[in-house]
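Read off the chains here:
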Amino acid sequence: ETYSSKDKFHFGYEEFFLLYLNDEVFTDTNGTLVKQVKNAIKSELKLILVHETDIQNGGVPFDSIFAQTPRELLIEPYKIYGDIAVPLYTFEDYRKVSLRMILCKMRDST
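Scoring rules and cut-offs
Residues numbered from 1 in each chain as written. Predicted model: local features only at pLDDT ≥ 70, side-chain atom pairs only at ≥ 80, totals over all residues. Heavy atoms only, no water. Helix = DSSP H or I, 4+ residues; strand = E, 2+ residues; numbered from the N terminus. Polar contact = N/O pair within 3.5 Å; in protein donor to acceptor, adjacent residues only side chain to side chain. Contact = heavy atoms within 4.5 Å. Expected span 1.5 Å × (residues − 1). Buried < 20%, exposed > 50% of the residue type's maximum accessible area, 1.4 Å probe, protein only. Arc of directions from axis to C-beta.

Trainee: Would you explain the side chain of R95 in this entry?
Mentor: If you trace the backbone, R95 turns up in helix α3 (residues 92–108). Of the polar contacts made by the side chain of R95, one reaches the backbone oxygen of Y89; its length is 2.7 Å. Apart from residues lying up to four places away in sequence, R95 is in contact with E52, D54, N57, L88, Y89 and T90.

Trainee: Just to check I follow, could you spell out α3 for this structure?
Mentor: Counting along an α-helix, one turn takes 3.6 residues, and residues three or four places apart therefore face a common direction. With 17 residues, α3 extends 24 Å between its outermost C-alpha atoms, agreeing within 8% with the 24 Å of an ideal straight helix rising 1.5 Å per residue. Where α3 is concerned, the buried positions are R95, S98, I102 and M106. Angular distribution of buried residues about the axis of α3 spans 85°; they occupy a single face of the element. Looking at α3, the residues exposed on the side facing more than 90 degrees away from the buried face are D93, Y94, R100 and R107.

Trainee: Quick question: what am I supposed to make of the side chain of T69 here?
Mentor: Within the secondary structure, T69 is located in the loop between α2 (62–68) and β4 (86–88). What makes T69 buried here is its relative accessible area of 5%. Reaching out from T69, the side chain makes a polar contact with the backbone oxygen of I65 at a distance of 2.7 Å. At 2.6 Å, the side chain of T69 forms a polar contact with the side chain of Y81. What T69 contacts, discounting residues up to four positions off in sequence, is F26, L74, I80 and Y81.

Listed below in structure tokens is the structure:
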């Protein structure tokens with residue numbers, strides 16, 4: 001599911017943009033996701049990165065994610081990997097911890 005750049009996500013009083021990193025991220029041919037990420041950053045939304053690690057859900061090593069990320073998002077003013085991505089683990093107990101970490105980042109976004 002994608003959202004337009006006009007959409008803002010509210011969690012309490014803060015706003016954020018959650019970017020789910022799996023084998024399909026940044027593979028859309030029309031560049032919609034790149035535009036959405038740029039607009040989110042320009043709108044000063046907190047970028048929350050979630051790295052899927054379960055291969056059943058498109059999990060790949062972070063190097064693969066990095067390689068398919070457009071160069072323009074790797075440098076200023078975007079530099080999207082300036083914050084560490086929350087790994088979304090395969091095993092249920094670890095995955096619960098990952099989901100709690102994501103919720104904490106949402107809560108703490110500024």
